[in-house]
Amino acid sequence: MGRKINRFLLLIASCGIVGVVLGGTASRATINQCLDDDTPSNSCLTQNPVTKTIEGMSGGFIAGAGAAAGATWQLRNKDA
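(A) Representation of the overall build of the protein within the structure. When you go through the protein residue by residue, the secondary structure sums to 3 helices and 0 strands. Ordering the α and β elements of the protein from the N terminus gives α-α-α. The C-alpha atoms of the protein give 17 Å as radius of gyration, which overshoots the globular expectation for 80 residues (12 Å, by more than 25%). For the protein, the spread of C-alpha atoms along the principal axes amounts to about 55 × 20 × 15 Å. By sequence separation, contacts in the protein at least 24 residues apart represent 76% of the contacts at least 6 residues apart. Looking at the protein as shown, the accessible area adds up to about 6,000 Å², and 64% of this sits on carbon and sulfur atoms. In the protein, 7 side chains carry a positive charge and 5 a negative one; their mean positions are 26 Å apart.

In structure tokens form, the structure reads like this:
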């Protein structure tokens, strides 16, 4: 039983880390694209890039961990 829990936690952690990287990268790309525009909007100029990147990273972590939990749940129900 301990081995299954360790694999589950490893899956959650690895998918969460991938989500953090992808979420942070996507958020940074959106910020850079907004700032490189010919006429950047007022909201683009007033947002803090660090805060927006952290928001993207946290959203990516939640999405990655949720996907891992959902995949594990589906496999568990399929085997039963």
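Continuing now.
(B) Up close: a nonpolar patch on the surface. A grouping of I5, F8 and L9 is seen on the molecular surface, where their side chains present a nonpolar patch of about 260 Å² in accessible area. With respect to the helices, strands and loops of the structure, L9 is situated in helix α1 (residues 2-35).

(C) The arrangement of the side chain of T53 in detail. For T53, the location among the structural elements is in helix α3 (residues 49-79). Its relative accessible area of 14% is what places T53 among the buried residues. When neighbours within four sequence positions are excluded, T53 is seen to be in contact with G24, S27, R28 and I31.

(D) Up close: the environment of V20. Mapped onto the elements, V20 comes out in helix α1. Along the chain, V20 and F61 lie 41 residues apart, while their C-alpha atoms are 4.8 Å from each other.

(E) Quick look at the packing of aromatic side chains. Taken as a whole and assessed by the stated rule, the structure comprises 0 aromatic pairs. The side chain of R76 reaches across the aromatic face of W73, ending 4.9 Å from its centre.

(F) Local environment of the environment of I12. Positionally, I12 belongs in helix α1. A relative accessible area of 18% means that I12 is categorised as buried. On a C-alpha basis, the gap between I12 and I62 in space is 9.9 Å, while along the polypeptide they are 50 residues apart. Setting aside residues up to four positions removed in sequence, I12 forms contacts with A65, A68 and A69.

Thresholds, definitions, all that
- Residues numbered from 1 in each chain as written.
- Predicted model: local features only at pLDDT ≥ 70, side-chain atom pairs only at ≥ 80, totals over all residues.
- Heavy atoms only, no water.
- Helix = DSSP H or I, 4+ residues; strand = E, 2+ residues; numbered from the N terminus.
- Rg over C-alpha atoms; globule rule 2.2 N^0.38 Å.
- Contact = heavy atoms within 4.5 Å.
- Areas by Shrake-Rupley, 256 points an atom, 1.4 Å probe, with all protein chains shown as cover.
- Lys, Arg positive; Asp, Glu negative; His and termini not counted.
- Charge placed at Lys NZ, Arg CZ, Asp CG, Glu CD.
- Patch = residues over 30% accessible without salt bridge, like charges linked within 9 Å, V, L, I, M, F, W, Y side chains within 5 Å.
- Salt bridge = Lys/Arg side-chain N within 4 Å of Asp/Glu carboxyl O.
- Buried < 20%, exposed > 50% of the residue type's maximum accessible area, 1.4 Å probe, protein only.
- Phe/Tyr/Trp six-rings, centres within 6.5 Å; stacked < 30°, edge-to-face > 60°.
- Lys NZ or Arg CZ within 6 Å of the ring centre and 35° of its normal.

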